[in-house]
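Tertiary structure, described
Residues per chain are reported as follows:
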Amino acid sequence: MTLARRQFLAATGGAFATSGLFTGLAGLPRPASAQALVEQTRVLCGFPAGGTTDAVSRRVAEKLRGSFARMALVENKPGVGGRLAVEELKRSAPDGSTMLMTPAAMITLYPHIYRSINYGIEDVTPVCTGAIVQFALAVGPAVPESVKTLQDFLAWCKANPGKAMYGTPGAGSPNHLVAALLSKESGVDLNHVPYRGSAPGVTDLVGGQIPAMSSPIGDHLPHLKSGKVRVLATSGAQRSRFLPNVPTYAEQGFKSLTMQEWYGFFLPPKTPADIVNRAAAAIKAGVSTQDTIDAFAQLGLEASANTPAELQKMVREEHAAWGPIVKKVGFTPEA
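The sections below set out a description of the structure shown in this document.

Cut-offs applied
Residues numbered from 1 in each chain as written. Predicted model: local features only at pLDDT ≥ 70, side-chain atom pairs only at ≥ 80, totals over all residues. Heavy atoms only, no water. Helix = DSSP H or I, 4+ residues; strand = E, 2+ residues; numbered from the N terminus. Polar contact = N/O pair within 3.5 Å; in protein donor to acceptor, adjacent residues only side chain to side chain. Contact = heavy atoms within 4.5 Å. Buried < 20%, exposed > 50% of the residue type's maximum accessible area, 1.4 Å probe, protein only. Pairing = 2+ DSSP bridges. Core = buried A, V, L, I, M, F, W, Y, C linked by side-chain atoms within 4.5 Å. Expected span 1.5 Å × (residues − 1).

**Remarks on the side chain of Ser240**
Note that Ser240 resides in the loop between β10 (230–234) and β11 (260–267). From its side chain, Ser240 meets the backbone nitrogen of Phe242 in a polar contact 3.0 Å long. Ignoring sequence-local partners within four residues, the contact set of Ser240 consists of Gln134, Ile217 and Thr234.

**Some thoughts on the side chain of Asp54**
Tracing the chain through its elements places Asp54 in helix α1 (residues 52–64). Asp54 gets classed as buried once you look at its relative accessible area, which sits at 4%. In terms of polar contacts, Asp54 uses its side chain to reach the backbone amide nitrogen of Gly50, at 3.1 Å.

**Topic: the pairing of strand β6 (residues 125–139)**
When a strand is regular, its side chains alternate between the sheet's two faces. Across the 15 residues of β6, 15 count as buried, placing the element largely inside the fold. As judged from the eight bridges shared by β6 and β11, these two strands associate in the antiparallel manner. When the sheet's bridge partners are listed, Thr125 is paired in β11 with Leu267. As paired elements, β6 and strand β12 (residues 302–303) share two bridges and run antiparallel to each other. Pairing of Ala131 across the sheet is with Ala303, part of β12. Relative to strand β9 (residues 212–216), β6 runs antiparallel, the two being bridged by five bridges. Bridge pairing links Leu137 to Ser214 in β9. By the bridge criterion, four bridges tie β6 to β10 in an arrangement that is antiparallel. The partner of Val139 across the bridge, within β10, is Arg230.

**Section: the nonpolar core**
Within the largest apolar cluster, 54 residues are counted, with the highest numbers of intra-cluster contacts made by Phe153, Leu182, Tyr249 and Phe266. If you tally residues by element for this core, the top one is helix α10 (residues 308–329), at seven residues. In contact with Leu182, not counting residues within four places along its chain, are Leu137, Leu150, Leu154, Leu190, Tyr249, Phe254 and Leu257. Counting 31 residues, the second largest nonpolar core, distinct from the first, contains Val38, Phe68, Met99 and Ala131.

**Brief notes about α1**
Spanning 13 residues, α1 covers 18 Å between terminal C-alpha atoms, matching the ideal 18 Å at 1.5 Å per step. The elements touched by buried residues of α1 are β3 (38–45), β4 (69–76), β5 (98–103), β11, α8 (273–287) and α9 (290–297). Of the residues trailing α1, Gly66 is marked for its positive phi of about 90°.

Take a look at the structure:
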């Protein structure tokens, strides 16, 4: 399988595509020997316990014990959309004792949105990806059962402008920008309702308080059997293996909405290469195990690992790609 990699799609004004997993790993060193183990590593997570980011952090932290560090603990530092954890990493010693696990947006997207942000892509050292997630647009009981496709939903929204709303896990998130691009590209006004995380938004979706929700695929998987939730589109370059019968945005005429998000591991700036490489090898070994692959699948995540150089390239490319998207959508924190 090939590494999940986003590429700037010039024709779309800045969306990116990904495909495949686990490439470029043959050149990584083996996990650290007992003599090379870091005494203790704290894995910073910028979100509360119980969420997807926390779950990925804890699963990989378990795998780091004995392969990279004698002890690995997750430290949750929620606040300002995950930015506090990035700031903490920036201030940490470059000795392997502190690591960050974060969705890509905190590193590649947020610098384009928040003027007060006090870190950049040069303030983190890329190590390795851990997982990839696609986004999904789902509708609930507030939308008639006759709405079965994305075009059906857009037509319904156009005919019912007072109900043309969608929720997301937060303003300025990739999930928000995907749906905002849909509104721009389709010419249909869709009103954004930001939530503080996925859980309250999905609860309102299932309860019929909001018509639609743009959020990670895993948010909707538990609700499909009940029939209360219908996923109309996914954001990958190919259909999701979790929802093989659901067409992508691109298949339904919206190629600019081809994007996915990765969860990545970072060390502080100026961390020595040998520590970076040993951490990458340990993470790769951890996310390649069947139990981790299965655990991630329960969350709608594809396990994925790459090299420090490949992750650095992804960070640079995606940071450059998000600028035009943010400008096109016209989003600011006050919008």
